[in-house]
Amino acid sequence: MSDLPDGYDTPAGERGARLSGCQRQRIAIVRALRTARAGRTTLVVAHRPSTLRTAHTVVLLEEGRVVDSGPHDELLARCPAYRRLLNERAPRVG
């Protein structure tokens, strides 16, 4: 949530008073998923780079086959297909 200074960790205030209804809902869902994932193996299907960065291990699939796997930073450094995927997902300016 780039519109908030501390992303999903932005203080919500009393009963979420500092946030819009949509922001409250998104933060509540993310915080609940963080709690539910603690101490468990969780499979998350994601396309957003912000979600991929939080994963312990990312498995990159192309046409139903595993291309590579590892932490986000390692894949970014070594895997051209992963970099391509992230570049395709990057917002366009202009």
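Rules of the game
- Residues numbered from 1 in each chain as written.
- Predicted model: local features only at pLDDT ≥ 70, side-chain atom pairs only at ≥ 80, totals over all residues.
- Heavy atoms only, no water.
- Patch = residues over 30% accessible without salt bridge, like charges linked within 9 Å, V, L, I, M, F, W, Y side chains within 5 Å.
- Areas by Shrake-Rupley, 256 points an atom, 1.4 Å probe, with all protein chains shown as cover.
- Salt bridge = Lys/Arg side-chain N within 4 Å of Asp/Glu carboxyl O.
- Helix = DSSP H or I, 4+ residues; strand = E, 2+ residues; numbered from the N terminus.
- Buried < 20%, exposed > 50% of the residue type's maximum accessible area, 1.4 Å probe, protein only.
- Pairing = 2+ DSSP bridges.
- Polar contact = N/O pair within 3.5 Å; in protein donor to acceptor, adjacent residues only side chain to side chain.
- Contact = heavy atoms within 4.5 Å.

K.L.:
What's the story with a nonpolar patch on the surface in this structure? I'm lost.
P.N.:
On the surface, a cluster of nonpolar side chains totalling about 290 Å² of accessible area is made up of V59, L61 and V66. Take V66: it is sitting in strand 2 (residues 65–70). V66 sits in the exposed class, given a relative accessible area of 57%.

K.L.:
What exactly am I supposed to notice about the pairing of strand 2 here?
P.N.:
Within a regular beta strand, the side chains point alternately toward one face of the sheet and then the other, so they alternate between its two faces. Direction of pairing for strand 1 (residues 58–62) relative to strand 2: antiparallel, over a ladder of 5 bridges. Each bridged residue has a counterpart across the sheet, and for L61 the counterpart in strand 2 is V66. Where strand 1 folds back onto strand 2 in an antiparallel hairpin, the turn is made up of 2 residues, including E63, whose phi is positive at roughly 50°.

K.L.:
Please explain the side chain of H72 as it appears in this structure.
P.N.:
Looking at the secondary structure, you find H72 in helix 3 (residues 72–78). For H72, a relative accessible area of 7% translates into the label buried. Polar contacts involving the side chain of H72 include one to the side chain of Y82, which spans 2.7 Å. Dropping the residues within four chain positions of it, H72 is found in contact with L52, R53, V58, Y82 and L86.

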